Every structure is written in structure tokens, then in C-alpha cells.
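So you can see what is in the structure, the chains are spelled out below.
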Amino acid sequence: MNPFEYRRAEEADAALEAISGAGSAKFLAGGTNLIDLMKNGVEQPARVVDINHLPLGNIEETAGGGLRLGALARNTDTANHPLVRRKYPLLSQAILSGASPQLRNMATNGGNLLQRTRCPYFMDTGFPQCNKRNPGSGCGALEGFHRTHAILGTSEACIATHPSDMCVALAALEAKVRVRGPRGERIIPFSDFHRLPGSTPQIDTNLQPNELILSIDLPASPYAAHSHYLKIRDRASYDFALVSVAAALDLDGRTIRSARIALGGVAHKPWRANEAESALAGRNPATAVFEAAASEALANARPYRDNAFKVEMTKRAIVRALSIAGGLEWAA
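Figured I'd write up the structure that's included with this text. Just so it is clear, the structure is predicted and the values come from calculations on it, not from any experiment. (Residues numbered from 1 in each chain as written. Predicted model: local features only at pLDDT ≥ 70, side-chain atom pairs only at ≥ 80, totals over all residues. Heavy atoms only, no water.)

**Some words on the overall build of the chain**
This is how the line gets drawn: The helix and strand labels rest on DSSP assignments: H or I over at least four residues marks a helix, E over at least two residues marks a strand, and numbering proceeds from the N terminus. In this setup the radius of gyration rests on C-alpha atoms only. A globule is expected at 2.2 Å times the number of residues raised to 0.38. The buried label goes to any residue with under 20% of its type's maximum accessible area, the exposed label to any with over 50%, and the partly exposed label to all in between, with areas taken from a 1.4 Å probe on protein chains only. Each accessible area is a Shrake-Rupley estimate made with a 1.4 Å probe; only the visible protein chains count as cover when residues are assessed. His is not counted here, nor are the chain ends, while Lys and Arg score as positive and Asp and Glu score as negative. The atoms used to mark charge sites are NZ of Lys, CZ of Arg, CG of Asp and CD of Glu.
The helix and strand inventory of the chain stands at 14 helices and 12 strands. For 332 residues, the compact-globule estimate of 2.2 N^0.38 gives 20 Å, and the chain sits close to it at 20 Å. Each principal axis of the C-alpha atoms in the chain carries an extent, and together these give about 60 × 50 × 35 Å. Across the 332 residues of the chain, 54% fall into the buried class. Carbon together with sulfur atoms contributes 49% to the accessible area of the chain, which is approximately 14,600 Å² in total. If you average the places of the 37 positive and of the 32 negative side-chain charges in the chain, the two averages end up 2 Å apart.

Okay, here's the thing in C-alpha cells:
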């Protein structure tokens, strides 16, 4: 066991002071990911700062008709909150499709955003090659077993996927992340929060090491009536996504005013399918229209030896999710 210092913070300022005073400190909330990483020797923080007593657990409406999700609200409470279920059913579906009830009872909203990949080459320190864990060592998955790995936005340094379901829905809903650091508060658009691997796959997000997530802010949304989260996984009871789709349509009669599509299980970050969204605007919901949009979404896919099946699987998942969101009879 690696020794570490434990501190408990009661206020945000105290938490920020504690995290800034150690070279390798980590915040502890639900601990559903951090504790595993510490047990496996992947994370070895010198200090753990318990933030569970900070007043960041509320879920409340905002002045513009949106919703503010406290960073320390538990995933279960968020998914089952009446306002989330009524105004953002896509988010509720996504959260409830992830993990197990026991884990959702512990996991926090802020922690969900910061969970790390479950790539086996990252999670097991017995594999020497992992640029995310040991920068410059190489990517063991490139020539190893990569059936579950990314097909979009990859680099020669890393082909890991982001594991969250919640984050896929938040990407589609264009959330914003409110954070606080030594220089005060700032807002990070969700599209800019997570990073693609590039040459620095060890850096998962644009959150600075001495910053704390305060809340996730959702704008008012026209998509509640026509949205669906579809998750494809090897094991239905409890598993990470091979492919997932958060699909939402704003309909004017039978015309698509706008669409939002985000993909999970296929990239290093929740992947917005912007080209597919553009292809749907002004069209009527129809299988052929959805198939064309799905092809746009995967036009730049780069599959590897073991995961080429993900390209067609993702296309079909997009069509199915859009069909359900759009109310096509065959998908009911």
C-alpha cells in the first residue's frame, strides 16, 4: 500500500488550498473510480482531500429555464430527480444505463466527468506500454487487443475510449461545467471539457489540477419530447458501452428543426456528430434520412484490426436511436 495523507474539507476554499499544497493530490467524492485506481497502483496521490461535506449537492432550476446539477449530487438522485426526468429525460436514461445501482448511489456528477478510461492497458500496471499512464512508453492497445477501443479522434499515442454514459447525454445537451480555482470561477463548455488524445493522452480534460467542479449547468432544451439514449454492450446488466448514442430532435410538426447526436464508446471523449446533425436539419424523420446522417457521422472513422465492426454498429445505433426519438412506428 502506498501511504497518503487524508484531509477533509468543509468549504470550497479549504478544498482548493489543500489540493494546491501537495504535488500529487486528488479530490475524493464517491470514490468509485479513484479508489480502484489507487488499489491497482495506477494513481498514487500523496494527499487525498475528502470533499463530500462541501455544499455542492443541490439540483435546482436556473433563471433561464435550465437546470444546475451540483457536482456532489449522486448519480441516482440526479437521474431520478423530477426536474431531470421531466425536462431532460435523455440525461436520466443515460445515467440509469451506466454502472450498477450500488455504484450510482455513490458516484457523483462531478466524479462522473472525471472518471478515467477502462482500457486494460491503462488499468493494469503489469503492461509497461501505456502513454496515458506512462507518457512516452507507447500504446499497447495499438498492436494488442483493441476490440472495445476508439474508432474516432484517435492518435498513434492512444486509442482508449471515454467510459461515461452520463457525459454522452451532457454533450448532446450542450451542458457547461462551472469550476473554481485560485483565480476564481470560470465556465467550460462541455465540448471543450474533455480532450482528444493527440500527443498528450495523459491529460484527459481541460480542468486544471488545482480547480474544483462546482456544478454542471444545462441550458433550456427543446428536446425533451423527442430524445432517446441507446446503449449497446456485451452484458446488459452492467458493462461499459461498445457503442452508445444520445439522440435528440426538435420537431416542427414532422420537420426536424434541429438535431443533437452524441456518441459514446467510440472516442477518447464524448463525440458530437456535428455533420450528422447538420444533415438532418430541415428534413422529415425517415429511415433513409437517418441512414444518410449516420454515414456522415462515421465518414472519418478509423477502425483497427479488432474493432472494425464498430463502424457499422454505430451507424445502425444512430438510425435506431433517431428512429425512436422521432417516433417512427417500426422502432416503437
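**What about the layout of surface pockets?**
Note the following rule: Residues are said to line a cavity or pocket when one of their atoms sits within 4 Å of a point; the points come from a 1 Å grid over protein atoms alone, cavities being sets where a 1.4 Å probe fits but cannot get out and pockets being open sets with protein on both sides within 12 Å along at least five of seven lines. Grid points are joined across faces, edges and corners, and a volume is the space filled by probe spheres set on the points. Charged residues are taken to be Asp, Glu, Lys and Arg, nonpolar residues to be Ala, Val, Leu, Ile, Met, Phe, Trp, Tyr, Cys and Pro, and polar residues to be all remaining types, Gly included.
Its boundaries defined by the atoms lining it, the second largest pocket holds a volume of some 330 Å³. In terms of lining residues, the second largest pocket is bounded by 21 residues, among which Arg-118, Thr-148, Asp-239, Phe-240 and Ala-241 are the most central. A per-class count over the lining of the second largest pocket returns 8 nonpolar, 8 polar and 5 charged.

**Examining the sheet that holds strand 7 (residues 184–189)**
Stated precisely, the cut-off is as follows: Think of it this way: DSSP has to see at least two bridges between two strands before they count as a pair. All axes are obtained by fitting lines to C-alpha atoms, using only the stretch in contact for helices, and the reported angles, taken between N-to-C directions, cover 0 to 180 degrees. Pairs of residues are marked as contacts when any of their non-hydrogen atoms sit within 4.5 Å.
Reading across the sheet, the 5 strands line up as 4-5-8-6-7 and stay open at both edges, with antiparallel pairing between neighbours. Every interior strand has two partners, whereas the edge strands, strand 4 (59–61) and strand 7, have only one. Mean inter-strand twist for the sheet, computed between neighbouring axes without regard to direction, equals 25°. Sitting on the sheet, helix 1 (residues 12–20) is in contact with strand 6 (176–181) and strand 8 (212–218), with an inclination near 70° to strand 6.

**As for the state of the cysteines**
In a disulfide, the sulfur atoms of two cysteines are held together by a covalent bond. In plain terms, the rule: Two cysteine sulfur atoms form a disulfide, by the criterion used here, when they sit within 2.5 Å.
For the structure shown, the criterion picks out 0 disulfides. Here Cys-130 is not cross-linked by a disulfide; its sulfur's nearest cysteine counterpart is in Cys-119, at 6.0 Å. Since its relative accessible area comes to 6%, Cys-130 is described here as buried. Here Cys-139 is not disulfide-linked; the sulfur of Cys-158 is the nearest cysteine sulfur, at 5.5 Å. You can call Cys-139 buried: its relative accessible area is 16%.

**With respect to the nonpolar core**
Put simply, the test is: We define the nonpolar core as a collection of buried residues of types Ala, Val, Leu, Ile, Met, Phe, Trp, Tyr and Cys that are connected through side-chain atoms lying within 4.5 Å of one another.
Among the nonpolar cores identified, the biggest contains 37 residues, and Leu-69, Leu-91, Leu-113, Leu-170 and Leu-218 are the most heavily contacted of them. At the level of secondary structure, the elements contributing two or more residues to this core comprise strand 5 (67–70), helix 4 (82–87), helix 5 (89–96), helix 10 (166–172), strand 6, helix 11 (190–193), strand 8 and strand 10 (243–252). Counting residues per element, this core draws most heavily on helix 10, which supplies 7 residues. When neighbours within four sequence positions are excluded, Leu-218 is seen to be in contact with Gly-66, Leu-67, Leu-69, Tyr-88, Leu-91, Leu-170, Leu-173 and Ala-175. One finds Val-245, Leu-249, Ala-259 and Val-311 within the second-largest nonpolar core, a separate group that totals 31 residues.

**Overview of helix 1**
As a reminder, the rule being used: Note: the arc covers the axis-to-C-beta directions of the helix.
Buried within helix 1 are the following residues: Ala-12, Ala-15, Leu-16, Ala-18 and Ile-19. With its buried residues spanning 165° around the axis, helix 1 presents them on a single face. For helix 1, the secondary structure elements touched by its buried residues are strand 1 (5–8), strand 2 (25–28), strand 3 (47–50), strand 6 and strand 8.

**Looking at the pattern of salt bridges**
What counts, and what does not: Salt-bridge detection follows one rule: a side-chain nitrogen of Lys or Arg within 4 Å of a carboxyl oxygen of Asp or Glu.
Counted by the stated rule, this structure contains 21 salt bridges. For Arg-7, the salt bridge goes to Glu-5, with nearest N and O atoms at 2.8 Å. The partly exposed category is assigned to Glu-5, whose relative accessible area is 33%. Put simply, Lys-231 and Asp-165 hold a salt bridge, and the shortest N to O gap is 2.8 Å. You can see Lys-231 sitting in strand 9 (residues 227–232) and its partner Asp-165 sitting in the loop between helix 9 (140–143) and helix 10, a full 66 residues away along the chain. With respect to class, Lys-231 is no different from Asp-165; both count as buried. A single salt-bridge network, built from bridges that share partners, covers Lys-26, Glu-43, Arg-116, Lys-132 and Asp-204.

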